[in-house]
Amino acid sequence: MSLATRNGTPVDAPVSPPKVVRQRRVRPGLLGLAVLLIALGGLGAAFAVTSVRATGSYLAVARPVEVGREISTADLVAVQVAGGQGLRPVPAGRLDEVVGKRAAVALLPGTLLTLGQVTDDPLLGPGQQQIALGLKTAQVPARELHPGDKVLLVSTPDDNATGAAAAGTRFSATVIDMVSPANNDKVLYLALTVRDVPAVVALATQERIAVVLTEAA
């Protein structure tokens, strides 16, 4: 019993009751949420470890490659990619298998290369032959023609011909490639049907060929 004094005289003082600490009940829902968060954290860590372990060296496109153009070593670069197996890119160690093949689709810089984007198939189809046309810059229907472009070769009039002989003749062709020599002229490589080759060569010799772009690749 506690004692207190009043004017020096001891008196009885009331005793304070003990404090009772109430225990907080843990809600089952919160407990389940905590367990779920812990489990998700573990899965995330496992996924991160798996991704790091899956890091490998793969081939990526270093510069634009047009459809049908032959792929060179300078067109590709090796990059480190985590989890690249799911994308099916070409491993960097298979560079020699890719160089020399043609692009089946337009290859864009910064994208991973897949085997489905390259081909060994020739650009010449059955019953076709390749010819080369030397053209002035003004005779080309676009700044650049790309492999796979569809063009129409139209014969220009012969000043010495009359009647039906002066009428224009048309030949369908597909662009295989185009190069620009040092003199700024253009050399256009085309795939033509075999039966059209003699007539087109004759017209090209007479400088009576006009090129019309009908469909871009």
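Residues numbered from 1 in each chain as written. Predicted model: local features only at pLDDT ≥ 70, side-chain atom pairs only at ≥ 80, totals over all residues. Heavy atoms only, no water.

1. Considering the confidence of the model for the chain
Part 1 of the reasoning: Across the chain, the average pLDDT comes to 79, with 70% of residues at or above 70.
Part 2 of the reasoning: Confidence drops under a pLDDT of 50 for residues 48-53, and excluding neighbours within four residues, the segment shows 2 contacts in the predicted structure. (pLDDT = per-residue confidence, 0-100. Contact = heavy atoms within 4.5 Å.)

2. Section: the environment of T111
Part 1 of the reasoning: The topology assignment puts T111 in the loop between β5 (102-103) and β6 (118-119).
Part 2 of the reasoning: A sequence separation of 51 residues divides T111 from A60, and the C-alpha atoms of the two residues are 5.5 Å apart.
Part 3 of the reasoning: Excluding anything up to four places from it in sequence, T111 contacts A60 and V61.
Part 4 of the reasoning: Separated by 2.6 Å, the side chain of T111 and the backbone oxygen of L108 make a polar contact. (Helix = DSSP H or I, 4+ residues; strand = E, 2+ residues; numbered from the N terminus. Polar contact = N/O pair within 3.5 Å; in protein donor to acceptor, adjacent residues only side chain to side chain.)

3. Side note on the sheet that holds strand β7 (residues 128-135)
Part 1 of the reasoning: The antiparallel open sheet is built from 5 strands, whose spatial order is β7-β10-β9-β8-β11. Unpaired on one side and paired on the other, β7 and β11 (209-215) mark the two borders of the sheet. Along the sheet, successive strands turn relative to each other by an average axial angle of 40°, direction set aside.
Part 2 of the reasoning: For β7 and strand β10 (residues 186-193), the ladder comprises 8 bridges, and the chain directions are antiparallel. Residue Q130 lies in a different strand from β10, and its bridge partner there is A191.
Part 3 of the reasoning: Running at roughly 10° to β7, helix α3 (residues 197-205) makes contact with β7, β8 (150-155), β9 (170-179), β10 and β11 of the sheet. (Pairing = 2+ DSSP bridges. Axes fitted to C-alpha atoms, helices over the stretch in contact; angles between N-to-C directions.)

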